[in-house]
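Results of the structural survey
Residues per chain are reported as follows:
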Amino acid sequence: IYSAGDPEAMVFYRSASKPVQALPVIAHHLDEKYGFTDEETVLFAGSHLGESFHVNALKSIMKKADLNPEDLIMKPTVPGSTEANEEQNEVLRTMGVLSEYPEEKVVIGIDGCGVPVFAYPMKNIATAYKNLACIDTIQDDVLQDAARRFVPRIHEYPHMMRGTGYLCSLIN
């Protein structure tokens, strides 16, 4: 395998982690429980621009899940806390499985919204994306099934990942 730079360099996943972070929603069949469409679920994996179709999908998700706009407001925390709640721990576990990196070695930081963010070696971030591309290599059966159901949605609805005309939307 070819690499440039330091493949062991620790970097924060940030928004690049969203396709991995979305998998617990699918693994717990919350998409089915709330009746989210395949297109709507791709919104969970993106850093979208708030185009009208993004807003409409979010409004539909909120209505189906009985959420209000106030439920979505992220208030920055000062000084911030790296203590994760149950859901964040599940995301951490999911990211560890796909990245093939031990949870206890993950560096946890706080982003500008007060949300815990996780740092991994670059090679393990690449491994996570390899696992999303080669789903049979995912070592957890539940996450493998979730990825098998979710990844094709990303390819079918790439505009939900970012928006109209963006390279990341076009290459999906």
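Residues numbered from 1 in each chain as written. Predicted model: local features only at pLDDT ≥ 70, side-chain atom pairs only at ≥ 80, totals over all residues. Heavy atoms only, no water.

Turning our eyes to something else, we now look at the packing of aromatic side chains. Overall, the coordinates contain 4 aromatic pairs when judged by the stated rule. Here the aromatic rings of Tyr 13 and Tyr 120 are separated by 5.2 Å at their centres, their planes lie at 90°, and the arrangement is edge-to-face. Residue Tyr 13 is found in the loop between β1 (10-12) and α1 (18-21), and its partner Tyr 120 is found in strand β3 (residues 116-121); the two are separated by 107 residues along the sequence. By relative accessible area, Tyr 13 is classed as buried at 4%. Plain terms: the ring middles of Phe 36 and Phe 44 are 5.8 Å apart, the flat faces sit at 75° to each other, and that makes the pair edge-to-face. A relative accessible area of 25% places Phe 44 in the partly exposed class. Among the aromatic residues, those joined into a cluster by ring pairs are Tyr 13, Tyr 101 and Tyr 120. A cation over an aromatic ring shows up here: Arg 162 above the ring of Tyr 166, its NZ or CZ 5.0 Å from the ring centre. (Phe/Tyr/Trp six-rings, centres within 6.5 Å; stacked < 30°, edge-to-face > 60°. Helix = DSSP H or I, 4+ residues; strand = E, 2+ residues; numbered from the N terminus. Buried < 20%, exposed > 50% of the residue type's maximum accessible area, 1.4 Å probe, protein only. Lys NZ or Arg CZ within 6 Å of the ring centre and 35° of its normal.)

Strands pair in a sheet through their backbones, by hydrogen bonds, and they do so in one of two ways: parallel or antiparallel. Read from one edge to the other, the open sheet built from 3 strands follows the order β1-β3-β2, with strand pairing classed as antiparallel. What marks the edges here is a single partner per strand, and that holds for β1 and β2 (107-110). Each strand axis lies, on average, 35° off the axis of its neighbour in the sheet, ignoring direction. Sheet analysis places β2 next to β3, joined by 4 bridges and oriented antiparallel. Bridge assignment links Gly 109 to a residue of β3, and that residue is Val 117. (Pairing = 2+ DSSP bridges. Axes fitted to C-alpha atoms, helices over the stretch in contact; angles between N-to-C directions.)

Quick look at the nonpolar core now. If you look at the biggest cluster of nonpolar residues, it comprises 36 residues, and the most contacted ones within it are Leu 23, Leu 98 and Tyr 120. A per-element tally of this core places helix α8 (residues 141-156) first, with 6 residues. Those residues in contact with Leu 98 that lie beyond four places of it in its chain are Val 20, Leu 23, Thr 127, Ala 128, Asn 131, Leu 132, Ile 138 and Leu 143. (Core = buried A, V, L, I, M, F, W, Y, C linked by side-chain atoms within 4.5 Å. Contact = heavy atoms within 4.5 Å.)

Geometric values such as these leave the question of function open.
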